[in-house]
Structure formats: C-alpha cells, structure tokens
Amino acid sequence: MMSCFPPCFDCHHGTFGSCRPTSLARDANKGPTTAAQVTVAFEGTITCEDKAAGIQEELAALAATNASEKAQKHVCVEEQAVVVTSDCPANLKLADVSEEVQAPSLANELDEEAGLPPLGVKWQVLYEQKPFSPKSLFPPLIWIPQYWRTYHGGIREEDRPYVGELPFSLKGDTIAGLTVGVMLVPQCLAFALLAGLPIQTGLYSSFLPLLVYALFGTMRQVQTGPTALMCLLTGQALDSLGVTTAGPRIAGATLMALLVAAISILLGMLRVGGVVNFISHTVLSAFSTAAGITILTSQIKDVLGIKIPRSKYWWETVKDLVLTVDETHVPTFIMGLTILVVLLTLKYWKSAGSAEKRGKHLIWRFFPKNKSSLAFRSLKLVADLSSLLAVLTGGLWAWAYRAAGVEGVKLVGTVQTDGLTAGLPGEGYYSELFGDSTLFVSAATIAVVGFLESVAVGGKFAAMSKYIFDPNQELIALGLANLASSFVSGFPVTGGFSRSAVNVTFGATSLLSVVISSLLVLLAVYILLPAIALLPLASMAPIIMQGAIVFIDVHEFQVAFRSYPGELLVMIATLIVSLALTVKEGLLAGFVCSVLKTLYEIANPNLALVGEIQGNFRDMRYFPQAQQAPNAVVVRMDAQVHFANSGKLKDFVFKAVQVRESMGTKIDYAVIDGKSVNSIDLTGCQMLEGLAEALAGRKQKLVVANLKAPIAALLHTTGVQKHIKKHGGQLCLDLHEAMDLIADPTADWSAAADKVNLLVETRGSVGKSPGGSMSPTVRKVEPAGAPSP
C-alpha cells in the first residue's frame, strides 16, 4: 500500500495535518460506490510516518472481518488536497470514486460519522477568534474546578492550556502567600511615602485590591499592589495638581485610582489590550530608566537625614540636595547607608548565577554557593524578605539611638489607626481636583504603564510555565482592583516584579496566594499601625531605592548605541524630557519620537538592486559577486508599497535602469521583486501603472514577480495586471521563472500568466469558506506499481 503521511498533531513531523484509515464500502446490489455513499470505519489516528508499518496489518485485519467487499482507503491532508491511496480489489476501481468531489464535503462526511472535527477545515482554527465565554469574565469559575480536580481525579485535557506545566499546589500557594504578605507590608508602607501620601494608605492599597484582582485576574503568579513606578507617577500627578496637604492628596489619589479603573475597564471591554504595543520597547526602557533615577534621587534626603521640600521636577530635587548636603545628619546617614548596602548586597548575591560563576566572583566566592545547602537557602530566604529585614533593623537601630540619647533621627510619625475606612473617591475636593485636565492625562498614563508593568511580569512567568492568560481580562481585573482601591482611601496599583518573583520562588500556583497575602496585610492594618509610627524614614528609603535600581537599564542604551542610532536618539529624548519635566511627559515625548521615526522609515524603505548568486537574489551592495541579468534590472523594496514611498520605488527603478544603460547594457525589462511586499494601496497601484507606461515609452517592459496571493489578487481587481500587460509587461508568481522567460526572447508568458490568474481565482473562492483559503479537491494517487491509465 502506498502511504501518504502528513504530520499530525501529536508528533508534528513536517507540516500541519493528520491521517486516518477509512473504508469505502460497496454494495454488490447497487453497483459501484460513489462519493456520496462513502462510509467510515475509523480505526484511530495515524500519528506519523513511523507507524506506517502497522497500517497494512490493521487494514488487512479489517478486510478479513468484513463479509462485504471493501476497498481500504487512507485519507489524509497533504498541503491543500485530500489524497486517497488504495490497494483495490479487482472489481472495485479508483475510477468509481468521483474526482470532482470537494475535499471538505468528503472529509467532513467521514469525520462526522467518526465523531471527529471536520478534517478539511482543521487548519482553519489558526484564523478563528476565540469564542466568548461568560466564565472568562470570572476566572475562578475556570481555575477553582481545575484546582479541585488536581486533588480529586486529575486534570482533564481541556484544562491543559490553563494549567500548563504548573500544577496547582495548596502547599505552594500557602507558603508563597504568607511569605509575600510579610514582604508586602513594609514595601507598601515605603511606597506610600514615595507617593507623598500618609503611610497607612499603602496598607489600604494592599488589601481589597488584591482580593478583587484574585477574583478577576488570569495571571496565576502575579502579586498586585503598590509598586515604585506607580507611586512615582501618582506622586508626580498630585504634585502637578498643586495639592500638598494630606487630605487633598488622599482625595486626589483615590480619584486617580477611580479614573485608572475606568480607563482600564473600558480598554478591556473594547478588547484593545494590544493598544499598548504602540509604545516601543526602547521608549519603555528609557522611561523606566528615568523613573528609576527620579525615585533614587527622591529618597536620598531620607538616607542623609536632611529636610528638603517635595519638588515637582527631578532637577529641582537635585538642586535642593546639593544646597543642603552639608546639613547631613551623620547617625541617620550611617543607618541608612548600612541598610542600603545590605539590601543591595543581598539583591545582587541572589541573582549572581550558578555556583561556578559565584566561585569566580571577587565577592560572591565568600558567600554560600551550593544552592542545595542549608546556608544558601537560609541566606536566600533572608534576601527574599530583605524589606522586612530593613524595617526591623531600622526600628531596633532607632530604639538604640533613643536609648543612647542620639536625637535628630526622623521617624514616620503620627499614623491614623482607625483601620480600613470606606468613602467616595475624591470626596470633598472635587472642585480642586477636577479643575485641571492633567488629572485625566495622568490617569491614562498610569493605566497604560500599570498594565504594561503587570503583563511584563506575569507574561514572563506564564511563558516559563506554559499556561495561557487573557490580556484583555487583565485590563478589566486591574481596573476592578483600582476601583476597589479608590473606595478604601488607596491609590493606583498593579502587578509588581519583586513580589511576583518571590511568589514564584516559594511555589505559588494560583491567585489563592494573593488572597493569603491580602489577609496578612489586613492583620497588619489592625495590629501593626501603632508601631509603624516609630520606624525611622532612613530604614524605609533603602527599600524604595532597592526597587528603583531594577528600572535603570544601562544595557539597552549600550545596545542602541552600538546597533541602532535612531533608537538611541528616541531613548535619549525620552530620558531628557522625563528628567527635565516629569516621566509622564517623557513617555509622551518618547511615543511621539518613535512614531516620527517609524514614519521616516516607512517613507524611506530599503531599496536594493539585486543579482543572482547560488539560486538566490541578493542585494548587490553586500554581494557584489552576484550576477545580473544581461537585459534586465531587478530591484526590491523591503516594505509595503503605499503613498508615502511608492514614488521612491518608481524613481529607484528608473535610476537603476539608467545606471545599467550608462554602462553600455541594453535594458529590455525592469523587474520588481515583490518578495517583501505584503501590502499595496491605490497610490502604489497607480504608480505601477504609470511605471509600466513610462517604461513602454522607452521600449522597455515591467515585470512584477514573486507576488504573494493577496497582492496578486489586488493587482488583478484594480486592473493593474491588465494595464501592465497592455504595455508589454507581466505579473509572475516566481522570480526564477520570470528570469528564465526574460532570458528567452521567444518565450511564451501565457503559462506564467495562467498561474497568476489561477491563484487569483482560487483566492477569490477563499472568502466563501471559513478561514480564508481555497477549497482543496480530492485527487487520486495510484498505489506503487500500479499501471498508468
């Protein structure tokens, strides 16, 4: 039996497809079997060519058990045609099966009886939109049953995309949740200070928002809450509004959280989570670096123990620090610097790499290197809880100073200890806060940046564990979390990298860990608030500074300097504007610069004169040994052809022809290699028509080759193909074929034209079938050794 084995879903040998044995039954009383009478005897999916040997045995056994006469068939998807191979009995010929039957109808009949999805349209799943499910709006309806099945009966196959390689673990979630909760308490306190808000608002922003995110989020290992970047943006936005006292700042922060919630939920409901892709990686790198520098600078005053006014601009803070550095309080500086050095040492030791790398390092060689040793694991636990270490150390240090009679160490001071309080966002200060459009612009910036930060963190861990998440649902979840924060005197929140990393390290497998962390924060609200008043600011500032260092990305500037000068200019502009004004304006400036850079690149694409070398057509600038056709020039544009650059392509073609002619070569053809062209607008179509006409006036012809199907169809429907042909030119699907025809003056172009027309006609029928591809037809493949008809 001759076999046809496309790849399958199990082993993925080769291209997309699957195989299955079927039977074509023939009733002796009714004559030969027709396509409409095809029945299936499904014996299982043949997964790969390695199983070919077993097919004949299975089919032989099938034939032996059937009293009626059968011809055993093997039907599979091969490219875009269903292939039927056969070892036929003498009295049943392949001719009995109509060749005109369309593959989807035949294959779907077979699959329907077998209880399988239609064979002819399996590939179309690549183009289908995921159907909406009400459960997607409330993910616990999906993951809680999966959690239950993990301990009672096992995960089902439909659970695999959600579970990935991270099975649910109650133990892991509990340990991770408790650990992150202990870490979150001191962090959220410090971040509240960064935003210029009363310290208790950090705790308020770390309870209810976490619970709400756990109910609506889809990234299983992300820990939401206050982050350094969000607090910086919130603080700068409040500074821009001119609010300085506690009451208006809390009201402004809650109103900001409400607006962030509204924007996030709206974007999520509109399913436009991809809108954030319009902010380039380089802009975000420069923006984050500026944010890190700003945060670091803002905390130096607390480490030095000096008092300077809160400034709107980074350079004002630098100026005030320089003018007051001589007022440094030495005991405070010793405490703050020591804690900062310890935190940074633990941070960099934790990420120092393998034992081999640690052993070669100048400093880490003296630290534990074996990751399985008790000393290493203990020190890593201390590093993970370094924020708690900083707070405890600072509290004890401040107590020792007081006992020794040392004065001047600034403490957190009075803290409201009434616990969680609910209220309307911005209540009592609407007239002050709504008078400036800055509030809305800041909220939009925070919403986008917060989403980017959260998805960057959660997406990384989701990819590592190979489970899926929904970016649009994440927008809704973050929006609802911020909505909750706005009603409990909180400020905008998002997913945090450092806490999420610790969450993963300690075995978190679901958002149950977030719930546990939030409950720990709730306990802190009612138990620890009185003691927080005695904490020194010099112990809180290093926590913020440690987190800020993560944002400073010097490496990206180095890469841009070496390889991408245009990107470097965008990054420098973003950085300068962020430091000269605020990071909000810097992000906007970076976005504008990146758009202008993209427009410039679109209008000035790469244009190349190409020649043939070893069967490939290469840019003559980089492959000068490539051979050009004796009577033609071949040019390529690596971009879409549209109004902004079509004139450049036309001018380049004429210039290439003139240069070749100036070298004494007679040019009969100008060939455009359409390999890199995946879109063309009406201006581009008109340019091709004008180019063909202009070349005809010079006794030259235009050939457009290497066409993609959509481009060929568009050139056909707009009449460009007819216009080019009218002036002696041609469209051709294959560049090599075009060059062969050009080399032969007597060549007939009709076959090449027919291929283009066939492709256009085929693509025209695509829209009539789901997925947008041509309907394959059944064709016969004679068994090996079969006589030719």
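Up top is the structure.
Residues numbered from 1 in each chain as written. Predicted model: local features only at pLDDT ≥ 70, side-chain atom pairs only at ≥ 80, totals over all residues. Heavy atoms only, no water.

1. A few points about the nonpolar core
Inference 1: Of all hydrophobic cores here, the largest spans 104 residues; its most connected members are Leu189, Leu203, Tyr213 and Ile532.
Inference 2: Element by element, the count of residues in this core is highest for helix α8 (residues 228-241), at nine residues.
Inference 3: Ignoring any residue separated from it by four or fewer positions in sequence, one finds Ile532 in contact with Leu189, Ile199, Leu203, Val412 and Val415.
Inference 4: Listed in part, the 33 residues of the second largest apolar core include Val635, Val641, Leu649 and Leu715. (Core = buried A, V, L, I, M, F, W, Y, C linked by side-chain atoms within 4.5 Å. Buried < 20%, exposed > 50% of the residue type's maximum accessible area, 1.4 Å probe, protein only. Helix = DSSP H or I, 4+ residues; strand = E, 2+ residues; numbered from the N terminus. Contact = heavy atoms within 4.5 Å.)

2. A word on helix α15 (residues 386-403)
Inference 1: Under the 1.5 Å per step criterion, the end-to-end length of α15 is 25 Å for 18 residues, consistent within 8% with the ideal 26 Å.
Inference 2: Ser386, Ser387, Ala390, Val391, Gly394, Gly395, Ala398 and Tyr401 are the residues of α15 that are buried.
Inference 3: In this structure, the buried side of α15 is in contact with α5 (170-194), α12 (330-350), α14 (374-384) and α22 (537-549).
Inference 4: Note on α15: the residue one or two positions beyond its end, Gly405, has a positive phi of about 80°. (Expected span 1.5 Å × (residues − 1).)

3. Overview of the side chain of Gln299
Inference 1: Within the element layout of this structure, Gln299 appears in helix α10 (residues 281-304).
Inference 2: The buried category is assigned to Gln299, whose relative accessible area is 5%.
Inference 3: Excluding residues within four positions of it along the chain, Gln299 makes contact with Leu194, Ala541, Ile544 and Met545.

4. Section: the packing of α5 against helix α20 (residues 512-527)
The relative placement of two packed helices is expressed as an angle between their axes plus a distance between the axes.
Inference 1: Between α5 and α20, the least distance of the axes is 7 Å, while the angle of their chain directions is 40°. Taken together, the axis directions place α5 and α20 in an arrangement best described as oblique. The handedness of the crossing between α5 and α20 is right-handed. The segment α5 lies against α20, with Leu170, Asp173, Thr174, Ala176, Gly177, Leu178, Val180, Gly181, Val182, Leu184 and Val185 engaging Leu512, Ser513, Ile516, Ser517, Leu520, Val521 and Ala524. (Axes fitted to C-alpha atoms, helices over the stretch in contact; angles between N-to-C directions. Parallel < 35°, antiparallel > 145°, perpendicular 65-115°, else oblique. Left-handed = near helix turned anticlockwise from the far one by under 90°.)

5. Observations regarding the sheet that holds strand β8 (residues 632-637)
Inference 1: Strand order in the open sheet formed by six strands is β7-β6-β8-β9-β10-β11, with mixed pairing between adjacent strands. Whereas interior strands pair on both sides, the edge strands pair on one side only; in this sheet they are β7 (616-619) and β11 (730-731).
Inference 2: Of the pairings in the sheet, the one linking β8 to strand β9 (residues 669-673) comprises five bridges and is parallel in character. Each residue of the ladder has a partner; that of Ala632, found in β9, is Tyr669.
Inference 3: The strands touched by helix α26 (residues 646-662) within the sheet are β6 (607-613), β8 and β9, with β8 carrying the most contacts at an inclination of about 150°.
Inference 4: Together, β9 and β10 (701-705) form the strand contacts of helix α27 (residues 682-697), whose direction differs from that of β10 by roughly 140°. (Pairing = 2+ DSSP bridges.)

Purely spatial values, then, with no claim about function.
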